[in-house]
Structures are given as structure tokens and as C-alpha cells.
Amino acid sequence: MKELLGMERDKDIATYFGVNPQMIYNWKARGTIPLDQCVQLRFEKGVSLDWLLLGLGEGEVDEGYAYGVGDRDYTEIPVYDVEASAGNGAFFDHEQIVSHLKFRNDWLAREGLHAKDLAAIRVAGDSMDGSLSDGDTVLINRARTTPDGVFAIRVGDSLRIKRLQKMTDGSLRVSSDNEIYAPEVIARENLDQVDIIGHCHWRSGRVF
């Protein structure tokens, strides 16, 4: 990243991505690949992900993905520091924006999405294996809150991503794509205990 952006300090990298410098330290200490930021650079700079992630090649521009357009053609969507559990649920105290993902405006228009309704969060756990994996980033459309489909939901202090199905008796079936997790059925009279935050519209997954 430093070589690509012509920077020398971790602080400069943090400023570029709009994150706290502590996050750069955490990436290094944990051996974490910041996938969202790599994808951002891939679109902004047209650089090969093979070079950026794996060190293969010489960092040549991938002309097939270098759009050559300015920031006015993109919309930044915030990525929050909360993790939506694809298992037993993850607790959180606040929602802090840690980075942004850039999406082309023409793609958002084709998908019928509006920036004011969108937020990105990370997946934690394995209950949605087959559709979503631990560490994936998902784009949540908060304008769509009516099942059926895969949604981010809040149950008490637990934020989850689950497959929802509205049943004929008015109850809500909450299931996982990983078959080792049993589905739950929430009775109609208890639906006020579940807050459907939004539909999972798009995902960004691990390269390897």
C-alpha cells in the first residue's frame, strides 16, 4: 500500500483510508489482510490484486478494471465496527465508522439502491456458511425490511445475519444456511422482540 500510494508512514495510510492509526497497528500485529481497503485500491488505482495481496507480478495496472473516472462517479458507504454474528450473536455498545467502501453510482442506480439507506458490516461466525463466511463484508439495504431473504436482524443486544421467512400463520422462521444450526420460529405475538435492520444485498468475501 505504501509503495502504491507513495507513502512512508503508517499514519499517512490511516489518513488515506479514514481510519484510526491504531487500526494499522492492529493489522500488522494480527497479520490481518485489510481486504476492504485492498479492494478499494484495486478500483481506485487499477492495480492487480495478485500483486497487492500475494506479491505476484510487478504491480502493473489492470486495464480491465481501471475505469479512469473521478470520485464524482462513486459513492462512499460507511463500514461499521460492529460484527453481525452468523452464529450465536455478537454484542456491541456503539457503531463507529472505521472505513468506507466505494461503489459506482451507476451500479447503485441499476440495483435500485440509495446511499442514505446503506451500511456495511462484517460477518462473524459460520452459521451462514454456503452463503456468507466468517470475515465477509456485507452491504445492508435498510430500506428493505420485509422478508423473505437474508437479513441483518437485532434481537436484544445481539446483531445477527439470518435467512428469514414469513410463515402463513404470521410467525417468522429464522434459519441458517449451515445445517448444523437448528432454525428458530418466532411467534407472531413476539415479533416486536425482533428488529429487522435491512436486507443483505451484496457481499465481499475472502480471496483465499
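Residues numbered from 1 in each chain as written. Predicted model: local features only at pLDDT ≥ 70, side-chain atom pairs only at ≥ 80, totals over all residues. Heavy atoms only, no water.

A. Layout of the overall build of the protein chain. Of the regular secondary structure elements, the protein chain holds six helices and 10 strands. Per-residue burial over the protein chain gives 41% buried out of 208 residues. Of the roughly 11700 Å² that the protein chain leaves accessible, carbon and sulfur atoms contribute 46%. (Helix = DSSP H or I, 4+ residues; strand = E, 2+ residues; numbered from the N terminus. Buried < 20%, exposed > 50% of the residue type's maximum accessible area, 1.4 Å probe, protein only. Areas by Shrake-Rupley, 256 points an atom, 1.4 Å probe, with all protein chains shown as cover.)

B. Main features of helix α4 (residues 35–45). With eight of 11 residues buried, α4 is to be regarded as a mostly interior element. When α4 is considered as a whole, its buried residues turn out to be L35, D36, Q37, C38, V39, Q40, L41 and R42. Downstream of α4 by one or two residues, G46 has phi in the positive range, about 70°.

C. How the structure looks around the pairing of strand β5 (residues 137–141). Counting buried positions along β5 gives five out of five residues, so the element sits mostly inside the fold. The side-chain alternation of β5 yields two buried faces, one formed by T137, L139 and N141 and the other by V138 and I140. Two elements, strand β4 (residues 118–124) and β5, share five bridges in a ladder whose sense is antiparallel. Across the sheet, residue L118 finds its bridge partner in β5, namely N141. (Pairing = 2+ DSSP bridges.)

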